[in-house]
Amino acid sequence: TTASDAIPTSPRTEGDVDRGLATYDRLALVVHAACGHKFLHSLLTFPKLDDAIRDAGGWAVVEHFAAIAASYGDADVIQFAPLADVQALKRRLHAGLRASDDTRRKALADLSTIVRAFGSKRRLKGAKNLANAAQRLSRSAMLYPDLKAA
């Protein structure tokens, strides 16, 4: 979730800029996570993927080793735990899409508020960094292609 009340809207000091940059970074992470969520869902539900996986032997081997990895709880392999049940992973991803997109939209709105608030404060050290970060974020959608449209 985002915290609109924590968004500095009247930056006056370099401390305000630092807080704005930190808030911006957190919100940008939210946007990237939501885009990654949507991308992963589109990847795992890509048309014909299930047929190709089935033709290659299915998810059973991946699920088996992911379950073993999860049972160890070792930090080096725990990231594979969601693959222990690919169908359940697909359901969780699908179920969370709307909330994830709502969170992404809210974060983008909050980011716009920050950029507008800091846009006129270029004299403050760090405000230019915020503008540059906003520009990079606007181009980041390319990192998460829409596979359904491909």
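Now for a quick tour of the structure. None of the values given here were measured: they were computed from a predicted structure.

About the thresholds
Residues numbered from 1 in each chain as written. Predicted model: local features only at pLDDT ≥ 70, side-chain atom pairs only at ≥ 80, totals over all residues. Heavy atoms only, no water. Axes fitted to C-alpha atoms, helices over the stretch in contact; angles between N-to-C directions. Helix = DSSP H or I, 4+ residues; strand = E, 2+ residues; numbered from the N terminus. Parallel < 35°, antiparallel > 145°, perpendicular 65-115°, else oblique. Left-handed = near helix turned anticlockwise from the far one by under 90°. Contact = heavy atoms within 4.5 Å. Nonpolar A, V, L, I, M, F, W, Y, C, P; charged D, E, K, R; others polar. Patch = residues over 30% accessible without salt bridge, like charges linked within 9 Å, V, L, I, M, F, W, Y side chains within 5 Å. Areas by Shrake-Rupley, 256 points an atom, 1.4 Å probe, with all protein chains shown as cover. Salt bridge = Lys/Arg side-chain N within 4 Å of Asp/Glu carboxyl O. Core = buried A, V, L, I, M, F, W, Y, C linked by side-chain atoms within 4.5 Å. Buried < 20%, exposed > 50% of the residue type's maximum accessible area, 1.4 Å probe, protein only. Polar contact = N/O pair within 3.5 Å; in protein donor to acceptor, adjacent residues only side chain to side chain.

## Some remarks on the packing of helix H1 (residues 14–44) against helix H4 (residues 86–95)
H4 packs onto H1 with a crossing angle of 135 degrees between their chain directions and a minimal axis gap of 10 Å. Classified by the angle between their axes, H1 and H4 sit oblique to one another. For the pair H1 and H4, the crossing hand works out as left-handed. Between H1 and H4, the contacting residues are His 37, Leu 40, His 41 and Leu 44 on the first element and Leu 89, Lys 90, Leu 93 and His 94 on the second. Looking at the contact of H1 with H4 residue by residue, the class counts come to four nonpolar, three polar and one charged.

## Regarding a nonpolar patch on the surface
Taken together, the side chains of Val 61, Phe 65, Ile 68 and Tyr 72 define a hydrophobic patch exposed on the protein surface, amounting to about 460 Å² of accessible area. Relative to the helices and strands, Phe 65 is located in helix H3 (residues 60–72).

## Some words on the nonpolar core
Counting residues in hydrophobic clusters, the biggest one holds 17 residues, and the most contacted among them are Tyr 24, Val 31, Leu 111, Phe 118, Leu 130 and Leu 137. Those elements that provide at least two residues to this core are H1, helix H5 (97–119) and helix H6 (127–139). Every residue in contact with Tyr 24, bar those within four places of it in the chain, is listed here: Leu 111, Ile 114, Val 115, Leu 130, Ala 133, Ala 134 and Leu 137. Ranked by size, the runner-up nonpolar core spans six residues in total, among them Leu 44, Ile 53, Val 86 and Leu 93.

## Some words on the side chain of His 37
Here His 37 shows up in helix H1. At a separation of 2.8 Å, a polar atom in the side chain of His 37 contacts the main-chain carbonyl oxygen of Leu 93. The contact partners of His 37, leaving out residues within four places of it in the chain, are Leu 93, Gly 96, Leu 97 and Ser 100.

## Considerations on the pattern of salt bridges
Taken as a whole and assessed by the stated rule, the structure comprises five salt bridges. Among the ionic pairs, Lys 90 bridges to Asp 50, the shortest N-O distance being 2.7 Å. With Lys 90 in helix H4 and Asp 50 in helix H2 (residues 49–55), this residue pair connects regions lying 40 residues apart in the sequence.

## Side note on unusual backbone geometry
Residues other than glycine seldom take positive phi values, yet Lys 48 does so here, at roughly 75 degrees. Examined against the element boundaries, Lys 48 turns out to sit in the loop between H1 and H2. Here Lys 48 falls in the exposed class, since its relative accessible area comes to 64%.

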